[in-house]
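Listed here are the chains, written in short residue letters.
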Amino acid sequence: MRRAVFIDKDGTLISNVPYNADPDKIVLEQGAVEGLRLLQERGYALIVVSNQAGIAHGYFREEEMQPVIAKVSQLLSEAGIALDGFYYCPHHPAGKITPYAISCDCRKPLPGMLLRAAKEMDIFLPESWMIGDILNDVEAGNRAGCQSVLLNNGNETVWEMNEHNEPAYIANDLRDAAQFIVKNATAKFRTWNSYIKR
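Residues numbered from 1 in each chain as written. Predicted model: local features only at pLDDT ≥ 70, side-chain atom pairs only at ≥ 80, totals over all residues. Heavy atoms only, no water.

A. Spatial organisation of the pairing of strand 3 (residues 85-89). With five of five residues buried, strand 3 lies mostly within the body of the structure. Taken together, the five bridges between strand 2 (residues 45-51) and strand 3 define a ladder with parallel strand orientation. Counterpart to Asn 51 in the pairing with strand 3 is Cys 89. (Buried < 20%, exposed > 50% of the residue type's maximum accessible area, 1.4 Å probe, protein only. Helix = DSSP H or I, 4+ residues; strand = E, 2+ residues; numbered from the N terminus. Pairing = 2+ DSSP bridges.)

Right under this line is the structure:
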């Protein structure tokens with residue numbers, strides 16, 4: 001099994017442009033390259049998990065996500081970073097595109113995307129992390145059984161805390177988050193991981 005870091009897309013990995021499906025507007029956030037490179041070097045799988053309610057609302061079509069995913073992957077690849085997975089939820093219960101206007105278990109703060117990724121990619125969730133810029137991201141990670149880091153970059157404006165959305169750490173950017181994760185990786189997992197590689 002592998003450890004993973006699940007990463008929110010808009011406002012965490014890339015600059016937050018609401019409901020954007022234009023690859024030309026995609027820019028990596030400050031600290032993203034340094035942070036993800038550090039996590040990759042330490043053996044974490046890097047997996048994007050993103051709510052994309054713009055599909056349900058009719059702002060863009062689901063097929064338009066593919067050029068977006070390609071552009072994010074390209075920008076990271078140019079920095080020597082490879083994504084291991086990219087999951088998105090196209091649903092919203094108030095959407096106007098009928099197939100997507102549903103309540104689901106994949107829209108954060110529910111953990112469906114993380115649980116699906118863990119099953120498909122053999123991820124050990126108790127030693128994995130979620131990084132996001134709002135408390136819904138934190139809650140999704142916690143509900144999946146991960147530990148979670150919140151980026152305090154101004155995108156969370158409500159700050160309504162509950163038993164599920166308390167982060168293990170509040171970071172300034174992805175680099176800060178990655179440094180915290182690496183510092184707090186448990187010796188138990190490192191020992192177990194070395195054993196299974198024999």
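B. Structural view of the sheet that holds strand 2. Read from one edge to the other, the open sheet built from six strands follows the order 3-2-1-4-5-6, with strand pairing classed as parallel. The open sheet terminates on both sides in strands that have one partner only, identified here as strand 3 and strand 6 (169-171). With direction set aside, neighbouring strand axes in the sheet form an average angle of 20°. (Axes fitted to C-alpha atoms, helices over the stretch in contact; angles between N-to-C directions.)

C. Representation of the nonpolar core within the structure. Formed by 41 residues in total, the largest nonpolar core has its most connected members in Val 5, Leu 13 and Leu 39. Sequence-distant contacts of Leu 39, that is, excluding residues within four places in its chain, are made with Val 5, Tyr 44, Leu 46, Ala 178, Ile 181 and Val 182. Counting residues in hydrophobic clusters, the runner-up holds 20 residues, among them Val 49, Cys 89, Met 121 and Met 130. (Core = buried A, V, L, I, M, F, W, Y, C linked by side-chain atoms within 4.5 Å. Contact = heavy atoms within 4.5 Å.)

D. Broad picture of the packing of aromatic side chains. Overall, the coordinates contain three aromatic pairs when judged by the stated rule. Plain terms: the ring middles of Tyr 169 and Phe 180 are 4.2 Å apart, the flat faces sit at 5° to each other, and that makes the pair stacked. Of the two residues, Tyr 169 is situated in strand 6 and Phe 180 in helix 6 (residues 174-183); the sequence distance between them amounts to 11 residues. For Phe 180, a relative accessible area of 19% gives the class buried. (Phe/Tyr/Trp six-rings, centres within 6.5 Å; stacked < 30°, edge-to-face > 60°.)

E. Structural context of the side chain of Thr 12. Checked against the element boundaries, Thr 12 lands in the loop between strand 1 (4-7) and helix 1 (32-41). Note on Thr 12: relative accessible area 1%, which makes it buried. Those residues in contact with Thr 12, other than ones at most four positions away along the chain, are Ile 7, Glu 29, Ile 131, Gly 132, Asp 133, Leu 151 and Leu 174.

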